Amino acid sequence: MKQDDQPTRLTNSINQGTPIFNNMTSLVFHPIYSQLNLPKNHRFPIQKYQGIKDRLMAGGANERDFVQPSPISLDALQAVHDSEYVSSFTDGSISDKAIRRLGMPWSEQFVKRTLHAVGGTVLTGQLAIQNGIALNLTGGYHHAFADFGSGFCVFNDIVLCAKQMLKTPGIDRVLTFDCDVHQGDGTALLASNNDAIYTVSLHCEKNFPARKQHSNLDFPLAKGMTDDEYLYTVECALQLAFNTAVPDAVVYDAGVDIHEADDLGYLQVSTQGVYERDKLVFEACKRHGVPVAAVIGGGYQRNIDDLVEVHAQLYRAAGVIA
Ligand SMILES: [Zn+2]
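Described in the following lines is the structure provided in the data block.

What counts, and at which threshold
- Residues numbered from 1 in each chain as written.
- Predicted model: local features only at pLDDT ≥ 70, side-chain atom pairs only at ≥ 80, totals over all residues.
- Heavy atoms only, no water.
- Donors = N, O, S within 2.8 Å, 3.2 Å for Na, K, Ca; no water.
- Tetrahedral: all angles 85-135°; square planar, octahedral: opposite > 155°, others 65-115°.
- Helix = DSSP H or I, 4+ residues; strand = E, 2+ residues; numbered from the N terminus.
- Buried < 20%, exposed > 50% of the residue type's maximum accessible area, 1.4 Å probe, protein only.
- Disulfide = S-S within 2.5 Å.
- Pairing = 2+ DSSP bridges.
- Contact = heavy atoms within 4.5 Å.
- Axes fitted to C-alpha atoms, helices over the stretch in contact; angles between N-to-C directions.
- 1 Å grid on protein atoms, 1.4 Å probe; cavity = no way out; pocket = protein on both sides within 12 Å on 5 of 7 lines; lining within 4 Å.
- Points joined across faces, edges and corners; volume = space filled by probe spheres on them.
- Nonpolar A, V, L, I, M, F, W, Y, C, P; charged D, E, K, R; others polar.
- Core = buried A, V, L, I, M, F, W, Y, C linked by side-chain atoms within 4.5 Å.
- Phe/Tyr/Trp six-rings, centres within 6.5 Å; stacked < 30°, edge-to-face > 60°.
- Lys NZ or Arg CZ within 6 Å of the ring centre and 35° of its normal.
- Expected span 1.5 Å × (residues − 1).
- Salt bridge = Lys/Arg side-chain N within 4 Å of Asp/Glu carboxyl O.
- Left-handed = near helix turned anticlockwise from the far one by under 90°.

## Considering the coordination of the zinc ion
Phase 1 of the analysis: Within the protein, D180 (OD), D180 (OD), H182 (ND1) and D257 (OD) serve as the donor atoms for the zinc ion, at 1.9 to 2.7 Å.
Phase 2 of the analysis: Between the four donor atoms coordinating the zinc ion, the angles at the centre fall across 53 to 155°, so the site counts as irregular.
Phase 3 of the analysis: Binding-site remark: the zinc ion is held by donors from one chain whose sequence spacing is D-x1-H-x74-D. Here D180, found in the loop between β4 (174-178) and α8 (185-190), pairs with D257, found in the loop between β7 (249-253) and α10 (271-288); they are 77 residues apart in sequence, far enough to count as distant. By the burial criterion, D180 is buried, and D257 matches it.

Listed below in structure tokens is the structure:
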């Protein structure tokens, strides 16, 4: 604990007196996010990323609001991942078993897409430091570990983003606040020996992954939880996390697989509940004067328009669209 830290310290040290939340919200997007051929009926809703971009444009966002990321370098990945794992995935020598665990077929396009998506989250962290808030239109690969990936997650963009943010003077501790319905197991383990990264996960207790890891704070939620109880838990978790971690920056996983219509989650949170959750997170960051980088996390409804509408709540809560 850094007792002498003032929550508003960043406002003065990094932004030289300018408010931490200015009117610029940075959106990070690349068309490649949705450009991947998957087998017919594959569980992964690859079209949703372009769908979110289109939804934001229809809601009044401008093309100039979007920043296009470059692919993350293989060197940068090694800040978190084993070099052999990085090279086996990127050169295609990765084993069939490891690919099965990932749940996505290997292809050169998958590699390209992954590197851009992860680069996108790292860029989102940098833009958050500049502007107070930044949102990637993908990301949240919290089931990725040092030497293997699982559950559609290859490289852990959340930890990579946090580590990159920590290179900024004045940022000594990053809070990863993970509200995806699945536990942020990879994030928890990757950060377990790193006091500069404080991990919090709110997730359905009886859901993937079967074997949970230990975050700094875990909130295992009962199946079937509805808005009131869920939002109360989010509020308590935020208060506890900010008081305990005293973070200088936040990486927020805004997974919407908590939604009542989701195919892979077992919670019963409404679309309005998702909006209110995201609002609680942004308001807490604003109150404490810390920048927040958000990723969209999981969301698995077969109807892409319905799914996009739930993900759109994040951008409503951030004030990007009405
Ligand atoms: Zn999930």
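Resuming the write-up.
## Looking at the state of the cysteines
Phase 1 of the analysis: Scanning the model with the defined rule gives zero disulfides in all.
Phase 2 of the analysis: Between C204, a free cysteine, and C179, which holds the nearest cysteine sulfur, the sulfur-to-sulfur gap is 14 Å.
Phase 3 of the analysis: Here C204 falls in the buried class, since its relative accessible area comes to 0%.
Phase 4 of the analysis: C179 supplies the cysteine sulfur nearest to C236, a cysteine that is in no disulfide, at a spacing of 13 Å.
Phase 5 of the analysis: On the accessibility criterion, C236 (29% relative accessible area) is partly exposed.

## Quick notes on the sheet that holds strand β5 (residues 197-204)
Phase 1 of the analysis: The eight strands are arranged β2-β1-β3-β8-β7-β4-β5-β6 in an open sheet whose pairing can be described as parallel. Both edges of this open sheet fall to β2 (66-67) and β6 (217-221), since each of them pairs with a single strand only.
Phase 2 of the analysis: Strand direction decides the pairing type here: β4 and β5, joined by five bridges, are parallel. By the bridge assignment, D178 is partnered in β5 with S201.
Phase 3 of the analysis: Strand contacts of helix α7 (residues 157-165): β4, β5, β7 and β8 (292-295), with the helix running at about 165° to β7, the strand carrying the most contacts.

## Concerning the layout of surface pockets
A probe matching the size of a water molecule, rolled over the atoms, marks out where space remains unfilled.
Phase 1 of the analysis: Taken as a whole, the largest pocket spans an internal volume of roughly 280 Å³.
Phase 2 of the analysis: In this structure, the largest pocket is lined by 22 residues; those nearest its centre are H143, G151, F152, H182 and Y300.
Phase 3 of the analysis: Partitioning the lining of the largest pocket into residue classes produces nine nonpolar, ten polar and three charged.

## A few points about empty space enclosed by the protein
Phase 1 of the analysis: For the coordinates displayed, the defined rule picks out three cavities of 30 Å³ or more.
Phase 2 of the analysis: Looking at the largest cavity, the residues that line it are F44, M104, F110, R113, T114, V118, Y141, F152, C153, V154 and F155.

## Describing the nonpolar core
Phase 1 of the analysis: Core analysis: the largest hydrophobic core is formed by 105 residues, its most contacted members being F177, Y252 and Y315.
Phase 2 of the analysis: For this core, the element with the most residues is helix α6 (residues 108-131), which contributes nine residues.
Phase 3 of the analysis: What Y252 contacts, discounting residues up to four positions off in sequence, is F177, C179, R277, D278, V281, F282, V292, A293, A294, V295 and L314.

## Thoughts on the environment of D185
Phase 1 of the analysis: Inspection of the secondary structure assignment puts D185 in helix α8.
Phase 2 of the analysis: Considering only alpha carbons, one finds D185 and A249, 64 residues apart in sequence, at a separation of 20 Å.
Phase 3 of the analysis: If sequence neighbours within four positions are ignored, D185 has contacts with H142, H143, F145, P209, R211 and Q213.

## Topic: the packing of aromatic side chains
Two descriptors summarise a pair of aromatic rings, namely the distance from one centre to the other and the angle between the planes of the rings.
Phase 1 of the analysis: Taken as a whole, this structure holds twelve aromatic pairs when the rule is applied.
Phase 2 of the analysis: Arranged with centres 6.4 Å apart and planes meeting at 70°, the rings of F29 and F66 form a pair that is edge-to-face. One end of the pair, F29, is in the loop between β1 (26-28) and α2 (48-58); the other, F66, is in strand β2, with 37 residues separating them in the sequence. With respect to burial, F29 and F66 carry one shared label: buried.
Phase 3 of the analysis: With a centroid separation of 6.0 Å and 45° between ring planes, the pair formed by F152 and Y300 is classed as tilted. Of the two residues, F152 is situated in the loop between β3 (133-136) and α7 and Y300 in the loop between β8 and α11 (304-317); the sequence distance between them amounts to 148 residues.
Phase 4 of the analysis: Among the aromatic side chains, those forming a connected cluster through ring pairs are F29, Y33, F44, Y49, F66, F152 and Y300.
Phase 5 of the analysis: Directly above the aromatic system of Y49 lies the positively charged group of R113, at a separation of 4.8 Å from the ring centroid.
Phase 6 of the analysis: Cation over ring: K223 sits above Y266, and NZ or CZ is 4.4 Å from the ring centre.

## A short note on α10
Phase 1 of the analysis: Between its terminal C-alpha atoms α10 stretches 26 Å, which fits the 26 Å expected from 18 residues at 1.5 Å a residue.
Phase 2 of the analysis: Structurally, α10 contributes buried residues whose contacts are with β3, β4, α9 (227-245), β7, β8 and α11.
Phase 3 of the analysis: Looking one or two residues beyond α10, the residue adopting positive phi is G289, at roughly 70°.

## Overview of the pattern of salt bridges
Phase 1 of the analysis: In the structure shown here, the tally under the stated rule is four salt bridges.
Phase 2 of the analysis: Between R43 and D263 there is a salt bridge; the shortest N-O distance is 3.2 Å. Of this pair, R43 sits in the loop between β1 and α2 while D263 sits in the loop between β7 and α10, and the two are 220 residues apart along the sequence.
Phase 3 of the analysis: The closest approach of N and O atoms between R55 and E309, which form a salt bridge, is 2.8 Å.

## Regarding the packing of α6 against α7
Between two packed helices, the angle of one axis relative to the other and the distance separating the axes together describe the packing.
Phase 1 of the analysis: One can describe the packing of α6 onto α7 by two numbers: an axis separation of 8 Å at closest approach and a directional angle of 35°. Both α6 and α7 take part in a crossing whose hand is right-handed. For the pair α6 and α7, the contacting residues are V118, T121, V122, G125, Q126, A128 and I129 in the first and D157, L160, C161, Q164 and M165 in the second.
Phase 2 of the analysis: Residue classes in the contact of α6 with α7 are distributed as seven nonpolar, four polar and one charged.

Function-wise, these values are silent; they only describe arrangement.
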